[in-house]
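Summary of the model geometry
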Amino acid sequence: MKQPLSLTWELESIFPGGSSSPQFEEFLKQLEADIETLRQQVAASVSPADSESTKSLDSVIELLQSCSGRLIQASEFAGCLGAQNQQDKGAVRLSSKVTGLRAGFEGISSQFDNVLRQTSDAVWTEWMARPEIAPLAFVLSESRDLAREKMSPELESLALELAVDGYHGWSEHYETIVGSIQIPYEDEEGTKQLSAGQAFNKLDDEDPKVRKAMFRKWEEAWGGAADYCADTLNHLAGFRLKLYKGRGWEDVLKEPLDINRMSHTTLDVMWDVITKSKPALVSYLQRKAKLLGMDALAWVDVEAPVGKSSGKIPYDQAAKDIVTQFRKFSPKLADFAEHAFDNNWIEVEDRPAKRPGGFCVSFPESKESRIFMTYSGTPSNVSTLAHELGHAYHSFLLDDQPLFNQNYAMNVAETASTFAEVIVSDAQVKAAADPEEKLALLEAKIQNSVAFFMNIHARFLFETRFYEKRKEGLVNAEELSALMEEAQKEAFCGVLSEYHPHFWASKLHFYITDVPFYNFPYTVGYMFSTGLYRLALEQGASFADKYDNLLRDTGVMTLEDLVSKHLGVDLAEPDFWQGAVDLIVADINEFLAMTN
Ligand SMILES: [Zn+2]
């Protein structure tokens, strides 16, 4: 690996010239023309009446995939330009141009689903068996099944239009409520009004007095907006329930489970294993309270830091460490990471005008990825870097697949990333010489399980119960707060001294409309990758190939089929999930032993 590494990424090889790139302009022009051609082709398409006439749709399927891939390429490129320089007006213009193209494309794509929908079962079977189409059979059948489970195309398209000012309208209204939130904060300079985002950051303050005082005001502020939030949440849920009723869907979890390509049984078995593991988490939280000099932790203390991590890791060193740790698990993963470092795929420079946060994007046309973050040398930065490299590796394994097959669900989207992160964070814990440092690193790992097993569990319990109640009628703000607190108490096994009743109002995730139940897929993803890591530890070098093959299939099968095919595991049985939980409990036991 070459050193010193570049701190900035290289986008010129994707399209030269940044936001005024003539090549990118040309690319967009061609894409727009091709989407228009696609529109005409789909409009002229009819459902095939026999196997022979399915062949005429091959070119439509090809163009659909090609446009979809180029839309991703374009949208990621514009996104990267905006992230590296928030002042880049050209990037904003390009992003909105791509958004417009995408909206047009999605309309065409759902029209094509109709062609699939109307194809008879007999023709369908022959169509999907054709060697040219067979690799796409899973994705195409999924689209057809979904289209068949919906209302008529006319009603669906009306619902889609009504959703703009109804469903999505309520979601946008929530943003307005958040924007109006003001929370008073006193410091040396006097009292100032903080936005919700600013106040939220203060909830993490190292000083327990500061975060407690802020939490009180935080609850109060959301209490003041609770009636507006309750209206919003009720109408959002009401819209969703009406739509489901129109489609004949009884289970409110049907849509999110379908999107995540997993069964209700799998979800139940996973939660059950997690619930049984909670005594260990309770011991951890009780010990943490003791270490912080408290009788019991309040909601706002759960994420307070224990131990101290002071060491700064230079970027070049971090890169070397990551590659070394990856190599112990898989030479292919290590070589890939080296390639990403050597070819300047990673943007880490600490400079103004850069967007906060981290992400990884893939360019299907270039078959390359780019990673974006700000590196300041903390152990958590190193984990983030490994995490994003994991995402890039997942894309790399998929980049020779047809575009339709590169699309994976949220619950497996974080598999490769979390896996890569755990390889590195485990090694960090083992290598830490200073006990305070070791404790801080170990605690950071355990914190993840508290978030996924308790906090997210509370959200899931709340949302499930809220929807049940909402079917009977409106649920007012007091009832929502009571439901929330009850769910939190249950998920945290009553170990906290104080809960967050207005969490349902303050948490954006309950108001998102593009995916319902924006909670359990996080936990599934975490448990899934931890379960895989457990198998990797047990099976050693022989696991790497299985792992690659599994990742390669993430776009073409259900979660259950994925692990059954590649690992011979049945997710309806608790064993795999238990394997994941055991690793976490081992971390907790180490933490308890270190702090005894
Ligand atoms: Zn991620």
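Things to note about helix H7 (residues 167-180)
Here H7 contains 14 residues, and its C-alpha end-to-end distance of 21 Å stays within 8% of the 20 Å for a straight helix at 1.5 Å per residue. Packed against the buried residues of H7 are helix H6 (153-165), helix H9 (208-224), helix H10 (226-247) and helix H21 (503-506).

Quick notes on the coordination of the zinc ion
The protein atoms that coordinate the zinc ion are His-387 (NE2), His-391 (NE2), Glu-414 (OE) and Glu-414 (OE), at distances spanning 2.1 to 2.7 Å. One can describe the donor arrangement at the zinc ion as irregular, given that its 4 donor atoms subtend angles of 52 to 138° at the metal. Within one chain, the residues serving as donors to the zinc ion are arranged as H-x3-H-x22-E. Of this pair, His-387 sits in helix H16 (residues 379-398) while Glu-414 sits in the loop between helix H17 (410-413) and helix H18 (415-431); the two residues are 27 residues apart in sequence, bridging distant segments of the chain.

Overview of the domain arrangement of the protein chain
Looking at the assigned domains, one finds that the protein chain contains domain 1 (18-149) and domain 2 (315-431). Between the C-alpha centres of domain 1 and domain 2 there is a distance of 28 Å. Counting residues at the interface gives 23 residues for domain 1, matched by 17 residues for domain 2. Interface area for domain 1 against domain 2, summed over the two sides, is near 1,700 Å², with a carbon-plus-sulfur share of 63%. By the criterion of area lost to domain 2, the three top residues of domain 1 are Gln-65, Gln-73 and Ala-83, representing 30% of everything that side buries. The interface formed by domain 1 and domain 2 includes 0 salt bridges. Seen at the junction of domain 1 and domain 2, the total is 8 residue pairs in polar contact (both at pLDDT 80 or more). If you list the elements that add at least two residues to the side of domain 1 that touches domain 2, you get helix H2 (58-84) and helix H5 (137-149). Sorting elements by how many residues they give to the side of domain 1 that touches domain 2 places H2 first, with 15 residues. Taken together, the residues that form the side of domain 1 that touches domain 2 break down as 11 nonpolar, 10 polar and 2 charged.

Considerations on the sheet that holds strand E4 (residues 359-363)
Here 3 strands make up an open sheet; going across it, the order is E3-E5-E4 and the pairing mixed. Lying at the two open borders of the sheet, with one neighbouring strand each, are strand E3 (346-347) and E4. Bridge count for E3 against strand E5 (residues 368-372) is 2 bridges, and the pairing is parallel. Bridge pairing in E5 places Glu-347 opposite Phe-372. Along the sheet, H2 makes contact with E4 and E5, crossing E4 at roughly 140°.

Definitions and cut-offs
- Residues numbered from 1 in each chain as written.
- Predicted model: local features only at pLDDT ≥ 70, side-chain atom pairs only at ≥ 80, totals over all residues.
- Heavy atoms only, no water.
- Helix = DSSP H or I, 4+ residues; strand = E, 2+ residues; numbered from the N terminus.
- Expected span 1.5 Å × (residues − 1).
- Contact = heavy atoms within 4.5 Å.
- Donors = N, O, S within 2.8 Å, 3.2 Å for Na, K, Ca; no water.
- Tetrahedral: all angles 85-135°; square planar, octahedral: opposite > 155°, others 65-115°.
- Domains from an automatic or database assignment.
- Buried area = accessible area lost by both parts, 1.4 Å probe.
- Salt bridge = Lys/Arg side-chain N within 4 Å of Asp/Glu carboxyl O.
- Polar contact = N/O pair within 3.5 Å; in protein donor to acceptor, adjacent residues only side chain to side chain.
- Nonpolar A, V, L, I, M, F, W, Y, C, P; charged D, E, K, R; others polar.
- Pairing = 2+ DSSP bridges.
- Axes fitted to C-alpha atoms, helices over the stretch in contact; angles between N-to-C directions.

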